[in-house]
Each structure stands twice: as structure tokens, then as C-alpha cells.
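If you want the building blocks of each chain, they are given just below.
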Amino acid sequence: MTLGLRADRLCARHAGSDFDALRDVTVRVEPHEILALVGPNGSGKSTLLSALGREIRAREGVVSLDGVDIRSISRRAYARRVARLPQSPETPEGLTVEALVGYGRNPHKGPLASQSSRDREAVARALDQVELSGHRSRPLDQISGGERRRAWLGMVLCQEPDIMLLDEPTVALDLRHQWELLELLVRLNEERGMTVVLSLHDLEQAASVAHRMVVLVRGRVYEVGSIDSALTPEMLLDVFRVDAAVDHTNDFTQVHVRGPGDPLRAF
Amino acid sequence: MTTKSNPKPFPKEFLDWQVALRHHTMVERNGTPHMGVVPLVTVKRPGVSLGVISHSIVCGLLPNAEQLDAKTREFQTLYDEFSSQGAKTLYDRGLSYLVDYYESAADFDPDSVTTLLPDDSALTQALAAEPTCALVFNVFDPNESNKLGAPRCQQIEAVAELHRDGPVYDNVWWHNTLFHGKADGHVVVRFRHERSWNTCFGGFEALDG
């Protein structure tokens, strides 16, 4: 059996669209890894996360979890294993922070069951992890955009999945909260073995948290590999069309963009 | 497929030039198309401004009839073998394969160039309605003149065949897929060289619609 989440030769398109936003994508998410998806706007990062999260169906190919086609897994069972945070989730009007975070327990409860003590502990833990315990009773429309983003992340954490799919989780967060969120993800990965797949536009951030990187371009996988092998000046020319230097020394990766550049390959 | 052409072989120097350009592209340009393989297609389109549509395309050469199916299978085998390693690896493998591919004009169809277009594009619709067209190859790149001879300009008059399946479609589709990924919803256009008098670029008839 193949463990982990896997997309094989996946072609997928959004509802109503007549072209594939993902074209023959093969990506294997290893258990207990942090995998970063990078690529320009429109390269297919969000679509891949949606397909892995069972939000859109494969037109061709298959997405499997531990060797089982995810279409044969019930939505509730899947949600206990895999949680997804979209890029711009719709915030229900009047909902409090605590209620939103509590939604994360739905896959673990019966349809009419009330919260158990374990559910309440999970909510409290998630609120604490995203530093919103003090805002638990506030309506979501009365907190800042960054706090709202953290509340949504709290809901995902409260779901206690094995795998988190996060679409640009640092968007709308200030610098300190960006780094705290990324540190939290690293901690969850190291301490609980949480598998994290996240899309990021900041390549240096991606390099700082991820074990491996998937580079997407125009709905295709350009390359999958370690940070050192995937994040290169060659890739930045081909995929982002920028002339840049990349420095991987001292456990930090720095990208210095010099200006626009001509791609080496005519994709 | 629209078929009403009576094709004639290209002038020899044109096909030799196209093969040489493509070899040069693989060896010196990492596969990036040279402007010499990007003609401007002009076709009548009554009802639109000026009565014509002009659009640049990247065109390809078709293997000759004896080699067509075998080359298609080789493209497909390359794709199946390397596509799971990512577009970069696949591109590089495809490029290595094509370095020795463009050696002799005799290996290629003597009267056609091809391209792949979205099925619903304005140019596809125009060619479906009126297959007679002109391809203008403009090359004015002094940097290439030492290797490829003097810069040149060439007009090829042609009749377009649209292919949505079959050996020609498969060959162009798989060739394209090696470098650009699967292109569903596309049609292959085979431009077959045919002399005519009513599509001369700059003539007045096209403008009359």
C-alpha cells in the first residue's frame, strides 16, 4: 500500500471551465512532511490543493489517500484525516471566533451530538495555538483580517487532521504572525507528525519551513524536489521569468531578484 | 477534416531552411522557437474589420508519411517514460531527442507545415470557413545571419486542413505535449502548400471580403 496523499496523472478543471487548470499532475505527499507548492499566479497551486482536498473532482487521473481512491472515502471520514484552508473562505455573518473554531469538530461528532469534553479541549487548544483565546466571544466581522485568518486556521487545527492543506496561509498576516504561523506548522510537524501541504508566494518562507517543494507552471509540475534542488536560478528564470541569485548557505535561503529574465525553456 | 487541397512540394530551399532553423533551435536555443518558424497566417474573414484575420502561429514540420506513425510512438514513449518526473525533465529529454531529429529535409513531409490551435479560436473558425490562406515568414534577425544565411522573408500560400483525430493529429499533439503539456480542446491545422492567386498578401481581393 502506498502511504500518504497522492495525485497520479491528475487533470482537473473548475466547474464551468472548458480547460484543465491541472494537466497530468503527479505529486506524492510523503507522510509527516511539509511540502510547499510554489509557482506564479494561475499556475494551479490552489486547484491542486482543492483536488487534494476533495473539493473538485479529477477529470482524469486519481487522488488517493493511503492507496485508496478518495472518491470511495466518505466526506466525513476524509475530513477526519485531511483538512483544507482555502485562500479566501466566506465568513458566516455573526459567527463568533469560538463557534467557527468549533466547526472543526464536526467530522468527529454525530450530526446532532453536542460537544464532548474532548471537543471543548480541542477548541481551547486551537484557540490558544492561534492566539485568539482572548477573542473567543467576538464576532468574526468585528476582528481584523489577520485575526480572521488565524480563526480559520484555528478551525483547521481543531479538526485534528493528519494532513493539512493550506492555501496561502500567511496572506493578510503581519510579519510577526506570518512567522508565528509558520513556526506553529513546523512544531505541529515535528511534535505530532502532522503532514502539511501549503502554497506560498514567498519563496524564502517556503524554503524555511518545507522539506520539499513542488514547482508548478501553467497547470503542470515543473519539478518536485528538495529545496536546494528545486529553488534555483534556472527555475526562477523558467517559471517566474526573473533573473535572480539564490543563496542556500547557513540554513537560510535567500533569493535576490535582479530583474526580468528570459526563460531557458519554451514551455 | 476539411480536404480540398491539391498540394505542391515547397520550394527546396524553403524546406532546407526550415529544417536548418529547427536544428539550430534545438542546439543553440534550448528549443525556444526562432522567429523563422513563427509565420503570420492571413485568411479572409468577411464581416470582421478589413475582411481578413492575421495571426502569428508557431509552426512545425510533419515527418514524411513513411515515418509518421513511428515518430508519433517515439514521442508518446518519451512522454510516458518521463512525464511523472516533471515538465523540466520531460522538456530536456524531448530536447535531447530532437537534437538529431532535424537533419535532412527528406525526413519531412514535402508540402506541409502544422500547428495546434484552440478549437474555438478566431483563427480556427476563419480557417474552417475559408481554408485558403497565406503564411508569411518574416525573419530579420542579423544575429543569426552567420549561421543560417541572410535574413529572409517568404510567403507560402496554403490550404488549411483541420484535424481532430487521426495520424496527423496524433503526431502534432504528442510532439506539442512533450514541451507544453496535454492540450485538450485543440485542433491540428495542416497547412498544405498550394499556389493560388487570390490570397496574395497585400492584394485587394481579401480586403473586399
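Going by the structure above, here's the rest.
Residues numbered from 1 in each chain as written. Chains lettered and ligands numbered in written order. Predicted model: local features only at pLDDT ≥ 70, side-chain atom pairs only at ≥ 80, totals over all residues. Heavy atoms only, no water.

Draft legend 1. Structural detail: the nonpolar core. Within the largest apolar cluster, 112 residues are counted, with the highest numbers of intra-cluster contacts made by A:Met164, A:Leu166, A:Leu198, A:Leu231, B:Leu127, B:Leu135 and B:Phe191. Membership of the second largest hydrophobic core comes to 27 residues, among which are A:Leu35, A:Leu49, A:Leu65 and A:Val214. (Core = buried A, V, L, I, M, F, W, Y, C linked by side-chain atoms within 4.5 Å. Buried < 20%, exposed > 50% of the residue type's maximum accessible area, 1.4 Å probe, protein only.)

Draft legend 2. Representation of the interface of chain A and chain B within the structure. Facing 17 residues of chain A, the contacting portion of chain B comprises 22 residues. Taking both partners together, chain A and chain B bury about 1,600 Å²; carbon and sulfur atoms supply 40% of that area. The three residues of chain A that bury the most area against chain B are A:Arg220, A:Arg265 and A:Ala266, which together make up 32% of that side's buried surface. Summed over the shared surface of chain A and chain B, the number is five salt bridges. When the shortest N-O distance is used, the salt bridge between A:Arg265 and B:Asp92 registers 2.8 Å. Linking chain A with chain B are 15 residue pairs in polar contact (both at pLDDT 80 or more), by the criterion used here. Tallying contributions element by element places strand β10 (residues 220-226) of chain A first for the side of chain A that touches chain B, with four residues. Looking at side-chain class alone, the side of chain A that touches chain B contains five nonpolar, one polar and eleven charged residues. (Contact = heavy atoms within 4.5 Å. Buried area = accessible area lost by both parts, 1.4 Å probe. Salt bridge = Lys/Arg side-chain N within 4 Å of Asp/Glu carboxyl O. Polar contact = N/O pair within 3.5 Å; in protein donor to acceptor, adjacent residues only side chain to side chain. Helix = DSSP H or I, 4+ residues; strand = E, 2+ residues; numbered from the N terminus. Nonpolar A, V, L, I, M, F, W, Y, C, P; charged D, E, K, R; others polar.)

Draft legend 3. Structural view of helix α3 (residues 87-99) of chain B. The end-to-end C-alpha distance of α3(B) is 18 Å, a good match for the 18 Å that 13 residues give at a rise of 1.5 Å each. Those residues of α3(B) that sit buried are B:Ala87, B:Lys88, B:Leu90, B:Tyr91, B:Gly94, B:Leu95 and B:Leu98. The arc enclosing the buried residues of α3(B), seen along the axis, measures out at 160°, which places them on a common side. On its buried side, α3(B) packs onto β10 and α9 (233-240) of chain A together with α1 (12-28), α2 (68-82) and α6 (167-180) of chain B. (Expected span 1.5 Å × (residues − 1). Arc of directions from axis to C-beta.)

Draft legend 4. Here's a closer look at the environment of A:His256. Residue and element names in this part refer to chain A. The residue His256 is located in strand β12 (residues 254-260) in this model. A relative accessible area of 40% means that His256 is categorised as partly exposed. For the pair His256 and Gln205, spaced 51 residues apart in sequence, the C-alpha separation works out to 14 Å.

Draft legend 5. Looking closely at the sheet that holds strand β1 (residues 5-12) of chain A. All names here are of chain A. Pairing is antiparallel in the open sheet, where four strands are placed in the order β2-β1-β4-β5. Either end of the sheet is taken by a strand with one partner, and the two such strands are β2 (22-29) and β5 (68-69). Note: β1 against strand β4 (residues 60-65), five bridges, orientation antiparallel. Each residue of the ladder has a partner; that of Ala7, found in β4, is Val63. (Pairing = 2+ DSSP bridges.)

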